[in-house]
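Commentary on secondary and tertiary structure
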Amino acid sequence: MATKANGKVKELEGEVYYPSEEVVAQARLQDWEAVAEKARKDLEGFWADEANELEWFKKWDKVLDDSNKPFFKWFTGGRVNIVHNCIDRHLNSYRKNKLALIWESEDGKLERTFSYHALNREVNRMANIIKAMGVMKGDRVTIYMGRVPEIVFAMLACAKIGAVHSVVFGGFSVDSLQGRIEDSESKLVITMDGSYNNGKVVELKRTVDEALKRCPSVENVIVVKRVGHDVPMEAGRDHWYHDMLALPIANGKCPTEVLDAEDPLYILYTSGSTGKPKAIVHTHGGYMVGTYSTLKYVFDINDEDRWWCAADPGWVTGHSYIVYGPLLNGATSFMFEGGPMFPYPNRWWQCVEKYGITILYTAPTAIRGLMRFGEAWPNKHDLSSLRLLGSVGEPINPEAWKWYYRVIGKERCPIMDTWWQTETGMFMITPTPSVPLKPGSGTRPFFGQEAEIVDEQGNPVADDQEGYLVLKNPWPAMLRTIYGDPDRYVNQYWSKNPGKYTTGDSAKRDSDGYFWIIGRVDDVIKVSGHRLGTAEVESALVSHPAVAEAAAIGLHHEVKGQGIHTFVLLRNGFAPSPELAEELRQHVATHMGPIARPEDVKFVDKLPKTRSGKIMRRVLKARAQGLPEGDISTLEE
Ligand code: PRX
């Protein structure tokens, strides 16, 4: 365990890992309390100072406009474009020739690197092409790709011209993709012939073709060639990216559009408690300031670093901390096409050694997965370049935390356990490198934020009591609304606890003010850190001809954190069988994507319901775990 180096640090309760003297000496931020105090006293002043570190075409009139709560606005009157700060501003400095992106293919045979200069060139080319296809400011573009540099170019190209990207995770299947294209009314889809996943090809273009049979809004499809498979191309609609690049229109500079701070940057679909996934809206100005500032303070990013966020660009973690945050900070990022275990569970450690990665940011599910294969795999590699580690996506169990700390970080590297959400856009509860750590806790809220644990009535609960996690202050990277559904935005996040943001998580706070996330309180299941709604799994099941009714719950899973368990009531004429159960599991995977494949399907005669007909998943969950069923007074006879 590291020693307590900083004499000013107050003694904390429980198992505490104090930062070493070396870590404290290196940290950009020596005095956490002082910055926290400054932000507490003057929230707008704190964020204005952060925003002033970036370039604006015109400065804002007002930092925070809260005249129409909960529709908060940030940096109103400001003129900006996030791409100007991600790329353009670096071209006038030594960073022009600095590496922005290093990429390695799954099989390790290809390596591609892009300086800021080269990144600018590629983004200009992509932007020229999508503009030539008639995409204009405010239009939505769906991006459905694997982990290749072109996904980064595509996102930035949209942002550069003021179009709104909607990235759909490349592991989702036809129905999920189609629903998201339809809801966003995208004009253009950017995809690939296929992507690699553990040595196999995921047929992205074929999935797009299926989805587009029911999506009339789409006029054009750009297809990046990656795997070289023969894919059908519809004349007039589908265009190979390499063919477009060869056209004169691709050349030359594409101006970075001057936008309002509050203009939308992207929408990103995520699962909620009920119904279909909803699109979270993020903006150019506030999101830019929030992702810039959090990455700077929390991972202490600087010019010498080689940052690796091992998430997928299809999730918010990839948006904020593969694409925007690192580029805003002028950092060098590494992006790996594959996963941690293929072909062997040392794939990541090879990359850390080969590229001299200094900061690794990943999810507990990956750590638990790697842990199973033992220490010999990481121990084959020189991991001494690492100086900080990070975790995100779900609570990290102390056992996995300690393994990560000891085996990967060699007891030198503090672990930044960052709690946040698609909706928050940026880290919300997180340490910084010099903060003493407790395994399993994300420590305290980021500067300018106050979190609270409340009961069912919204009253604050005592220390160490479990309750609902709420956030008290607005923050610049906050979601602005749900795309096309402002009422749902208000109801979902702001009506249960007036004046406070309801996170949907349960948590505790200890006597040191450290927060401990327990999990979701709504009908969201976290499978390997991926967020899925019970409602989506259930409607996938019900779309099968044998199924009359279905319920899905999340239960503890050793590696995935949670696994999906389902209960199915069959239609007349269908009989339960192991084959049918298997068929239904596959049916869900086909409809939603492989990550949503249920662990099991149980056939039942009846589902517990309230008198008004709502399925009581809480009761199913308690039964499955052998726990008391709680208040069942509303259960129908
Ligand atoms: O339950 C919390 C969990 O992930 C949820 C948000 O999921 P999503 O929008 O997909 O974003 C994930 C990546 C930012 C939260 O409501 N969660 C996220 N990070 C943590 C976490 N739970 C515990 N500890 C974390 N560090």
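This next bit is on the overall build of the protein chain. Helices and strands together make up the secondary structure of the protein chain, namely 19 helices and 29 strands. The dimensions of the protein chain, computed from C-alpha atoms along their principal axes, are 70 × 70 × 60 Å. In the protein chain, of all internal contacts separated by at least 6 residues, the share reaching a separation of at least 24 is 70%. Total accessible area on the protein chain is roughly 24,300 Å²; 50% of this is exposed by carbon and sulfur atoms. Each charge class in the protein chain can be summarised by its mean position, and for the 76 positive and 84 negative side chains these summaries are 2 Å apart.

Attention now moves to the site of the ligand. Close to the ligand lie 17 residues, the nearest being Asp417, Thr418, Thr422, Arg520 and Arg531. Take proline 395: an N or O atom from its main chain is 3.4 Å from a nitrogen atom of the ligand. The contact in question runs from an oxygen atom of the ligand to an N or O atom on the side chain of arginine 531, over 2.6 Å. In the complex, 95% of the free accessible area of the ligand, which totals 540 Å², lies under the protein chains. Of the residues belonging to the shell around the ligand, the class tally is six nonpolar, five polar and six charged.

Turning to the pairing of strand S22 (residues 467-471), a few remarks are in order. For S22, a buried count of four out of five residues is recorded, marking the element as mostly surrounded by other parts of the structure. As judged from the four bridges shared by strand S21 (residues 451-454) and S22, these two strands associate in the antiparallel manner. The partner of valine 454 across the bridge, within S22, is tyrosine 468. Sheet topology places S22 next to strand S23 (residues 501-509); four bridges connect them, and they run antiparallel. Bridge pairing in S23 links leucine 471 to tyrosine 501.

Pairing in this open sheet of seven strands is mixed, and the strands run S5-S4-S17-S16-S18-S19-S20 from one edge to the other. Every interior strand has two partners, whereas the edge strands, strand S5 (111-115) and strand S20 (415-417), have only one. Taking the axes of each pair of neighbouring strands and ignoring which way they run, one obtains an average angle of 20° across the sheet. In the packing of helix H5 (residues 116-132) onto the sheet, the strands contacted are strand S4 (99-104) and S5, and the crossing angle to S5 comes to about 95°.

Attention shifts here to the side chain of arginine 147. Assignment of secondary structure puts arginine 147 in the loop between strand S6 (140-144) and helix H6 (149-161). On the basis of relative accessible area, arginine 147 is assigned to the buried category, the value being 16%. Of the polar contacts made by the side chain of arginine 147, one reaches the backbone oxygen of glutamate 337; its length is 3.5 Å. Filtering out sequence-adjacent residues up to four positions away, arginine 147 remains in contact with Trp103, Ala310, Ala311, Asp312, Pro313, Met335, Phe336, Glu337, Gly338 and Gly339.

In this chain, lysine 69 is followed by proline 70 through a cis amide linkage whose omega measures 0°. Its location among the elements puts proline 70 in the loop between strand S1 (62-65) and strand S2 (73-76). Between phenylalanine 342 and proline 343 the backbone carries a cis peptide bond, its omega angle lying at 0°. Locating proline 343 in the fold gives a position in the loop between strand S17 (332-336) and helix H12 (347-355). Here glutamate 185, not a glycine, exhibits a phi torsion of approximately 50°, which is positive. Inspection of the secondary structure puts glutamate 185 in the loop between helix H7 (174-184) and strand S8 (188-192). The phi dihedral of glutamate 411 is positive, around 60°, even though this residue is not glycine. Within the secondary structure, glutamate 411 sits in the loop between helix H15 (398-408) and S20.

With that out of the way, let us pick up the packing of aromatic side chains. Per the stated rule, a full pass over the model turns up 44 aromatic pairs. Relative to phenylalanine 427, the ring of phenylalanine 299 lies with its centre 5.8 Å away and its plane at 65°, an arrangement referred to as edge-to-face. Placement of the pair is phenylalanine 299 in the loop between helix H10 (285-298) and strand S16 (306-309) and phenylalanine 427 in the loop between S20 and S21, with a sequence separation of 128 residues. Here phenylalanine 299 falls in the buried class, since its relative accessible area comes to 0%. Summarising the aromatic geometry, the rings of tryptophan 494 and tyrosine 501 are spaced 5.6 Å apart at their centres and angled 65° between planes, so their arrangement reads as edge-to-face. By relative accessible area, tryptophan 494 is classed as buried at 9%. Grouping aromatic residues by their ring pairs yields a cluster made of Phe71, Phe72, Trp475, Tyr489, Tyr493, Trp494 and Tyr501. Over the face of the ring belonging to phenylalanine 172 we find arginine 180, whose NZ or CZ atom lies 4.5 Å from the ring centre. Cation over ring: lysine 225 sits above tryptophan 240, and NZ or CZ is 4.6 Å from the ring centre.

With respect to the helices, strands and loops of the structure, glutamate 15 is situated in the segment before helix H1 (21-26). A relative accessible area of 37% places glutamate 15 in the partly exposed class. When the C-alpha atoms of glutamate 15 and lysine 438 are compared, they prove to be 5.9 Å apart, with 423 residues separating the residues in sequence. Aside from chain neighbours lying at most four places away, what touches glutamate 15 is Lys402, Leu437, Lys438 and Pro439.

Bringing the pattern of salt bridges into the picture now. Evaluated as defined, the whole model comprises 52 salt bridges. As a salt-bridge pair, lysine 205 and aspartate 209 come within 2.7 Å of each other at their nearest N and O atoms. In this pair, lysine 205 and aspartate 209 are both assigned in helix H8 (residues 204-212), four residues apart and thus about one turn of the helix distant. Considered together, lysine 205 and aspartate 209 belong to a single accessibility category, that of buried residues. In this structure, lysine 205 engages aspartate 238 in a salt bridge whose closest nitrogen and oxygen atoms are separated by 2.8 Å. Here lysine 205, found in helix H8, pairs with aspartate 238, found in strand S12 (residues 238-240); they are 33 residues apart in sequence, far enough to count as distant. The residues lysine 205 and aspartate 238 share a single accessibility class, namely buried. Members of the salt-bridge network, linked through shared partners, are Glu33, Glu37, Arg40, Lys41 and Arg444.

Quick look at the environment of tyrosine 468 now. Within the secondary structure, tyrosine 468 is located in strand S22. In this structure the C-alpha to C-alpha distance between tyrosine 468 and glutamine 350, which are 118 residues apart in sequence, comes to 41 Å. In this structure the side chain of tyrosine 468 is engaged in a polar contact, spanning 2.6 Å, whose partner is the side chain of glutamate 456.

This part covers the nonpolar core. One finds Leu156, Phe299 and Tyr324 to be the most contacted residues of the largest nonpolar core, which totals 162 residues. If you tally residues by element for this core, the top one is H6, at 10 residues. If near-sequence neighbours (up to four positions away) are discounted, tyrosine 324 is found in contact with Ile82, Cys86, Met155, Leu156, Ala159, His165, Leu265, Tyr266, Tyr287, Thr291 and His319. Counting residues in hydrophobic clusters, the runner-up holds 31 residues, among them Phe336, Tyr355, Leu370 and Leu383.

How each quantity is defined
Residues numbered from 1 in each chain as written. Predicted model: local features only at pLDDT ≥ 70, side-chain atom pairs only at ≥ 80, totals over all residues. Heavy atoms only, no water. Helix = DSSP H or I, 4+ residues; strand = E, 2+ residues; numbered from the N terminus. Contact = heavy atoms within 4.5 Å. Areas by Shrake-Rupley, 256 points an atom, 1.4 Å probe, with all protein chains shown as cover. Lys, Arg positive; Asp, Glu negative; His and termini not counted. Charge placed at Lys NZ, Arg CZ, Asp CG, Glu CD. Near = heavy atom within 4 Å. Polar contact = N/O pair within 3.5 Å; in protein donor to acceptor, adjacent residues only side chain to side chain. Nonpolar A, V, L, I, M, F, W, Y, C, P; charged D, E, K, R; others polar. Buried < 20%, exposed > 50% of the residue type's maximum accessible area, 1.4 Å probe, protein only. Pairing = 2+ DSSP bridges. Axes fitted to C-alpha atoms, helices over the stretch in contact; angles between N-to-C directions. Phe/Tyr/Trp six-rings, centres within 6.5 Å; stacked < 30°, edge-to-face > 60°. Lys NZ or Arg CZ within 6 Å of the ring centre and 35° of its normal. Salt bridge = Lys/Arg side-chain N within 4 Å of Asp/Glu carboxyl O. Core = buried A, V, L, I, M, F, W, Y, C linked by side-chain atoms within 4.5 Å.

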